Amino acid sequence: MLTSTINAFTSYLGSPLPPGNAGNQLWALIYVLIIFAGVAVVVLCMNWIERKALAHFQIRLGPMRVGPHGLLQPIADALKLMLKEDIIPDEADKLVFWVAPLIGLVAAFTVYTVIPFGPSQAVSDMNIGILFMLGVSSLGVLGIVTAGWASNSHYPLIGALRSSAQMVSYEVAMGLAVVSAILMTSLNRTGTGTLSMIGIVQAQQQQGIWFLFKFFPLGLIAFVIFAIAMVAETNRSPFDLAEAESELTAGFHTEYSGLRWSLFMLAEYAAMIAVSAIAVTLWLGGWLHPFPNALNGPAWEFIFSLFPGLTFGALALFAVIGTVRMPSHSFFRIQRAGLAVFALLLAFIALLLFVIAILGRNPDASIAARFREGIDYVYWFMLKVAIFMYLFIWYRATWPRYRFDQLMKVGWKVMLPISLGVLILTAIVGVFVS
Amino acid sequence: MPQNYVPAFLFIAVVGILIPVTIAICWIIRTQSPNRVKLMPYECGIDPYDSARGRYTVRFYIIAILFVVFDVETIFLFPWAVKFKALGGFGLIEMLIFLGILIVGYIWIWKKGALEWI
């Protein structure tokens with residue numbers, strides 16, 4: 001038993017395939033656990049970043065008390081939510097009320113099966129990847145509808161109906177935008193495209209252009225359509241009609257409290273990361289670094305592999321500046337020490353990344369080189385996703401909320417015709433080019 | 001089932017096990033003292049006067065039906081998009097006819113007022 005487990009563990013090492021395709025379910029499970037933990041950590045970080053960024057947009061300070069610059073605030077919040085009383089209303093449908101957040105979470109997380117963090121850094125590569133992704137992510141609406149219905153209260157019901165109507169409306173435009181990107185993958189010598197997430201990125205690599213810039217401006221318009229639809233799809237501001245607190249209290253999760261409420265938040269952020277990952281894969285070249293075909297020699301590879309270290313180095317520098325600038329009053333002694341430790345931690349990670357980049361600079365099959373490659377792929381993918389996550393916050397800080405009839409009007413009368421038009425134009429241009 | 005679909009079920013299993021375990025742990029450590037007022041549906045302090053599961057506007061129903069039509073159409077486009085270049089001009093014309101029929105229907109529902117709110 002033990003030896004067979006060890007065999008299964010070691011036999012995958014060095015394989016160029018994702019573990020799901022190599023048939024190694026042990027490694028698939030390891031990847032799943034890493035992604036689950038990683039998403040949970042990213043959601044905690046996002047919580048802090050969002051509150052901090054929103055505060056600075058509004059010229060406030062945001063959380064400052066729990067830990068240096070409020071760094072421990074998300075952990076304090078998580079503990080509070082776990083200890084909070086969990087109320088299930090008397091008239092609620094108990095079973096459905098219980099299951100609803102789970103449906104939302106499962107839908108949000110199962111999508112991560114096919115997200116390609118690198119050519120082999122995915123849990124699995126399905127040949128219907130993008131269809132799987134669209135299908136499973138739209139199951140999230142079931143969690144919202146069941147949550148609203150099970151609460152047996154007016155606000156949650158209206159919120160659930162609104163958000164489900166909104167999600168299905170924008171899904172149409174989203175699907176058509178995706179089709180026009182899939183269409184571009186087939187413009188190669190064999191004439192056959194692909195739906196596999198890894199294949200889509202490789203198609204962009206072969207054609208030497210991100211689909212964002214292909215058939216300019218058609219790719220760009222499709223991307224913008226998708227970028228708008230994905231904000232509506234995840235119920236984020238300015239499309240957060242479901243949670244319009246001035247009219248609906250909190251929308252579909254009004255009756256949820258404590259841990260169950262935080263499950264909805266977790267699902268929302270997980271879905272945000274997932275749709276950003278779709279956009280990055282389809283239009284922004286996935287794990288490829290900028291200009292992959294022009295700047296591809298070993299020297300450029302080395303320069304690009306320094307970026308992860310530089311990023312963490314910059315974060316460490318920010319932490320050091322924060323430590324130095326903290327007031328010298330004795331009240332801040334513990335916070336200052338904490339921030340210094342945090343800066344040291346970031347600097348250590350940066351150092352580690354630099355060491356890996358230097359050890360693995362020769363593109364041979366050594367473990368360091370493979371490790372360096374893996375880190376590069378994941379870094380560039382996550383950097384692009386991070387830009388989207390920042391955009392989500394920026395939208396929320398900048399734009400007022402839509403009215404519901406405006407929202408449906410934009411979805412059905414503007415987004416749908418434009419995405420249909422872009423699809424038809426892309427197809428016509430594609431036929432004439434080839 | 002092909003082996004590359006198995007990890008999807010691993011994901012469902014991981015979420016489906018870890019989250020209920022977390023809920024169970026919280027059930028042990030948290031306080032719990034419900035009373036009648038806490039367990040009422042929340043309506044900003046007003047006593048609810050009827051069940052929420054009454055009748056509701058038909059517009060959401062229409063949107064759901066339209067969604068099914070357009071979403072199935074999108075799914076129908078995927079196979080064509082994958083073989084787009086191989087099918088060439090013939091495939092394009094065929095697909096334009098299909099989209100043309102759909103667009104006629106779209107214009108009809110627009111004129112009929114199915115997309116209007118208020």
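Conventions we followed
Residues numbered from 1 in each chain as written. Chains lettered and ligands numbered in written order. Predicted model: local features only at pLDDT ≥ 70, side-chain atom pairs only at ≥ 80, totals over all residues. Heavy atoms only, no water. Helix = DSSP H or I, 4+ residues; strand = E, 2+ residues; numbered from the N terminus. Rg over C-alpha atoms; globule rule 2.2 N^0.38 Å. Buried < 20%, exposed > 50% of the residue type's maximum accessible area, 1.4 Å probe, protein only. Contact = heavy atoms within 4.5 Å. Areas by Shrake-Rupley, 256 points an atom, 1.4 Å probe, with all protein chains shown as cover. Lys, Arg positive; Asp, Glu negative; His and termini not counted. Charge placed at Lys NZ, Arg CZ, Asp CG, Glu CD. Buried area = accessible area lost by both parts, 1.4 Å probe. Salt bridge = Lys/Arg side-chain N within 4 Å of Asp/Glu carboxyl O. Polar contact = N/O pair within 3.5 Å; in protein donor to acceptor, adjacent residues only side chain to side chain. Expected span 1.5 Å × (residues − 1). Bend = angle between axes of the 7 residues up to and from the residue. Patch = residues over 30% accessible without salt bridge, like charges linked within 9 Å, V, L, I, M, F, W, Y side chains within 5 Å. Phe/Tyr/Trp six-rings, centres within 6.5 Å; stacked < 30°, edge-to-face > 60°. Core = buried A, V, L, I, M, F, W, Y, C linked by side-chain atoms within 4.5 Å. pLDDT = per-residue confidence, 0-100. Axes fitted to C-alpha atoms, helices over the stretch in contact; angles between N-to-C directions. Parallel < 35°, antiparallel > 145°, perpendicular 65-115°, else oblique. Left-handed = near helix turned anticlockwise from the far one by under 90°. Nonpolar A, V, L, I, M, F, W, Y, C, P; charged D, E, K, R; others polar.

Student: Help me understand the overall build of chain A in this model?
Tutor: For chain A, the helix and strand inventory stands at 17 helices and 0 strands. Here the C-alpha radius of gyration of chain A, 23 Å, is about what a compact globule of 434 residues would show, namely 22 Å. With the C-alpha coordinates aligned to their principal axes, the bounding extent of chain A is approximately 65 × 65 × 55 Å. Residue burial in chain A is summarised as follows: out of 434 residues, 55% are buried. In chain A, the proportion of contacts linking residues at least 24 apart, taken out of those at least 6 apart, comes to 75%. Accessible surface for chain A amounts to roughly 18,500 Å². Of this, 73% is attributable to carbon and sulfur atoms. For chain A, the distance from the average site of its 24 positive side-chain charges to the average site of its 21 negative ones is 10 Å.

Student: I keep staring at the interface of chain B and chain A and nothing clicks. Help me out?
Tutor: You'll often see interface size given as the accessible area lost when the parts meet. Taken together, the contact between chain B and chain A spans 65 residues of the former and 90 residues of the latter. Summed over both partners, the interface of chain B with chain A comes to about 7,000 Å²; 74% of that surface belongs to carbon and sulfur atoms. For chain B, the biggest contributors to the area lost against chain A are Phe-11, Arg-53 and Phe-78 of chain B; these three give 11% of the whole. Applying the counting rule to chain B against chain A returns 2 salt bridges. In this structure, Asp-86 of chain A and Arg-30 of chain B form a salt bridge, with 3.6 Å as the shortest nitrogen-oxygen distance. The interface formed by chain B and chain A contains 10 residue pairs in polar contact (both at pLDDT 80 or more).

Student: Help me understand helix H5 (residues 94-110) of chain A, please; the structure alone is not making it clear to me.
Tutor: Residues lying three or four places apart along an α-helix face the same way, a consequence of the helix completing one turn every 3.6 residues. Taking 1.5 Å as the rise per residue, H5 of chain A with 17 residues should run 24 Å; its terminal C-alpha atoms sit 25 Å apart, in good agreement. Its axis deflected by about 25° at Ala-100 of chain A, H5 of chain A carries its strongest bend there, up to four residues before the proline Pro-101 of chain A. Of all the positions in H5 of chain A, only Phe-97, Ala-100, Pro-101, Leu-102, Gly-104, Leu-105, Val-106, Ala-107, Ala-108, Phe-109 and Thr-110 of chain A are classed as buried. The elements touched by buried residues of H5 of chain A are helix H3 (25-57), helix H6 (129-137), helix H7 (140-151) and helix H12 (258-283) of chain A together with helix H1 (6-29) of chain B.

Student: I would appreciate a short explanation of a nonpolar patch on the surface in the present structure.
Tutor: Taken together, Leu-83 of chain A together with Ile-17, Val-21, Ile-25, Trp-27, Ile-28 and Ile-29 of chain B make up a surface patch of nonpolar side chains, about 750 Å² in accessible area. At 6 residues, H1 of chain B tops the list of elements feeding residues into the nonpolar patch. Along the polypeptide, Leu-83 of chain A turns up in helix H4 (residues 73-83).

Student: Explain the packing of aromatic side chains to me, please; I cannot follow it from the model alone.
Tutor: Remark: the centre distance and the inter-plane angle together describe each pair of aromatic rings, the angle taken between the planes. Residues and elements named next belong to chain A. Going through the model one piece at a time under the given rule, you end up with 28 aromatic pairs over all chains. Ring centres 6.3 Å apart and planes at 20° place the aromatic pair Trp-210 and Phe-213 in the stacked group. The class of Phe-213 is partly exposed, set by a relative accessible area of 45%. Ring centres of Phe-331 and Phe-332 lie 5.3 Å apart, and the angle between their planes is 85°; this geometry places the pair in the edge-to-face category. Given a relative accessible area of 24%, Phe-332 falls into the partly exposed group.

Student: Help me out: how do you make sense of the nonpolar core in this one?
Tutor: Nonpolar side chains tend toward joint burial in soluble globular proteins. Ranked by size, the top nonpolar core spans 126 residues in total, and within it Phe-109, Tyr-112, Ile-130, Ile-182 and Trp-283 of chain A carry the most contacts. Broken down by element, this core gets its largest block of residues, 17 residues, from H12 of chain A. Dropping the residues within four chain positions of it, Tyr-112 of chain A is found in contact with Ile-35, Val-39, Val-123, Ala-270, Ile-273 and Ala-274 of chain A together with Phe-11 of chain B. Core analysis: the second largest hydrophobic core is formed by 13 residues, Ala-100, Val-141, Ala-147 and Met-167 of chain A among them.

Student: Can you walk me through the confidence of the model for chain B in this structure?
Tutor: For residues with low pLDDT, the predicted coordinates do not support detailed interpretation. All names here are of chain B. For chain B, the average pLDDT comes to 84, and 97% of its residues sit at 70 or higher. Within chain B, the lowest mean pLDDT, 87, falls on H1, and the highest, 89, falls on helix H3 (residues 84-112). Confidence estimates for the predicted assembly give a pTM of 0.90 and an ipTM of 0.88.

Student: How should I be thinking about the packing of helix H8 (residues 154-185) of chain A against helix H10 (residues 218-233) of chain A in this particular structure?
Tutor: Packed helix pairs are characterised by how far apart their axes lie and by the angle those axes make with each other. All names here are of chain A. The contact between H8 and H10 brings their axes to 8 Å, and the two run at 150°. Looking at the two axes, H8 sits roughly antiparallel to H10. Considering how the two elements wind past one another, H8 and H10 form a crossing that is left-handed. Across from Gln-166, Met-167, Tyr-170, Glu-171, Ala-173, Met-174, Ala-177, Val-178, Ser-180 and Met-184 in H8, the residues of H10 making contact are Gly-219, Ala-222, Ile-225, Phe-226, Ala-229, Met-230, Ala-232 and Glu-233. Residue composition of the contact of H8 with H10, by class: 13 nonpolar, 3 polar and 2 charged.

Student: I tried to follow the pattern of salt bridges on my own but got confused; where do I start?
Tutor: When charged atoms on two side chains of opposite charge get close, those side chains can pair. All names here are of chain A. Under the criterion given, the structure shown has 11 salt bridges over all chains. The residue Glu-50 makes a salt bridge to Arg-396 at a minimum N-O spacing of 2.5 Å. Of this pair, Glu-50 sits in helix H3 while Arg-396 sits in helix H16 (residues 367-398), and the two are 346 residues apart along the sequence. Judged by relative accessible area, which is 3%, Glu-50 ranks as buried. Between Glu-268 and Arg-236 there is a salt bridge; the shortest N-O distance is 3.3 Å. Highlighted residues: Glu-268 in helix H12 and Arg-236 in the loop between H10 and helix H11 (245-248), separated in sequence by 32 residues.

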